[in-house]
Amino acid sequence: LFMLCQIFAYALRPCLKKPELVPFGGWLALNWALVLSFDTAMAIWLGPQVLLYFLLSTFFAGSIHPTAGHFLAEHYVMEGNAETYSYYGPLNRLAYNVGYHNEHHDFPNIAWSNLPKVREIAPEFYNDLPQCKSWVTIIFRYIFDDSISPFSRVKRGKKKA
C-alpha cells in the first residue's frame, strides 16, 4: 500500500519534516494560481474527467511505474549501510539522468546532461559503490522483501551547533 502512495509521502515529506524551508510567498502563490488556472481551462475544454487523468497519471508515475524506482534507489538502505545508489541503465535517458544520484550529491550544481561525464572523469570514486541495477527490480524487491520498509529510508539526527 505504501508503494502505491509513496509519491504523496515524497511530495509532502519536506513540508512535514522541515516546514521552515518550504518557500511560501509570492512565487508559490503564482505557481498555484497558474496550475489551478490550467486545470480549470482543461476541465472546461475537455471535461472534468481530465482532472482524474492528471491525478491518476501523477499517482501511477510516482508509484509502480518503472521509472519510479529511482525514489527507492535514491535514499532507501537496501544493502549494508549505503545511503544512496546510482543507477546507470537506459531509463536515465527518459529521466534526465536522475539515476546518477551519487554524482548529483557530490556535485549538485552540475547540469543533468553532464552527470555521466562526472562518472567518466572519476570512475575510481563511483564504480565500486553499490549500484541499483534495475529500477523495476528495486520496486519488486521493496514490495516483496520484508527486510525493506518505509522505515528503511535514510534518517539523520539533528546537526549539533
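Every value quoted in this text rests on a predicted model; they were computed, and no experiment measured them.

Colleague: So what's going on with the pattern of salt bridges? Which residues, and what values?
Modeller: Any two side chains of opposite charge can pair, on the condition that their charged atoms come close. Evaluated as defined, the whole model comprises 1 salt bridge. Notably, a salt bridge pairs arginine 141 with aspartate 145, separated by 3.2 Å at the nearest N-O pair. Judged by its relative accessible area of 27%, arginine 141 falls in the partly exposed class.

Colleague: Describe in detail the packing of aromatic side chains, supporting the description with residues and values.
Modeller: Tallying each qualifying case throughout the model produces 8 aromatic pairs. Each ring, one from phenylalanine 140 and one from phenylalanine 144, has its centre 6.3 Å from the other, and the planes form 10°; the classification is stacked. With a gap of 4 residues between them, phenylalanine 140 and phenylalanine 144 both fall in helix H8 (residues 135-144), about one helical turn apart. Using a relative accessible area of 49% as the deciding quantity, one classes phenylalanine 140 as partly exposed. What makes phenylalanine 144 exposed here is its relative accessible area of 61%. The rings of Phe38, Tyr53 and Phe54 are connected pair by pair, giving a single aromatic cluster. A cation over a ring is seen here: arginine 119 above tyrosine 88, with NZ or CZ 3.5 Å from the ring centre.

Definitions and limits used
- Residues numbered from 1 in each chain as written.
- Predicted model: local features only at pLDDT ≥ 70, side-chain atom pairs only at ≥ 80, totals over all residues.
- Heavy atoms only, no water.
- Salt bridge = Lys/Arg side-chain N within 4 Å of Asp/Glu carboxyl O.
- Buried < 20%, exposed > 50% of the residue type's maximum accessible area, 1.4 Å probe, protein only.
- Phe/Tyr/Trp six-rings, centres within 6.5 Å; stacked < 30°, edge-to-face > 60°.
- Helix = DSSP H or I, 4+ residues; strand = E, 2+ residues; numbered from the N terminus.
- Lys NZ or Arg CZ within 6 Å of the ring centre and 35° of its normal.

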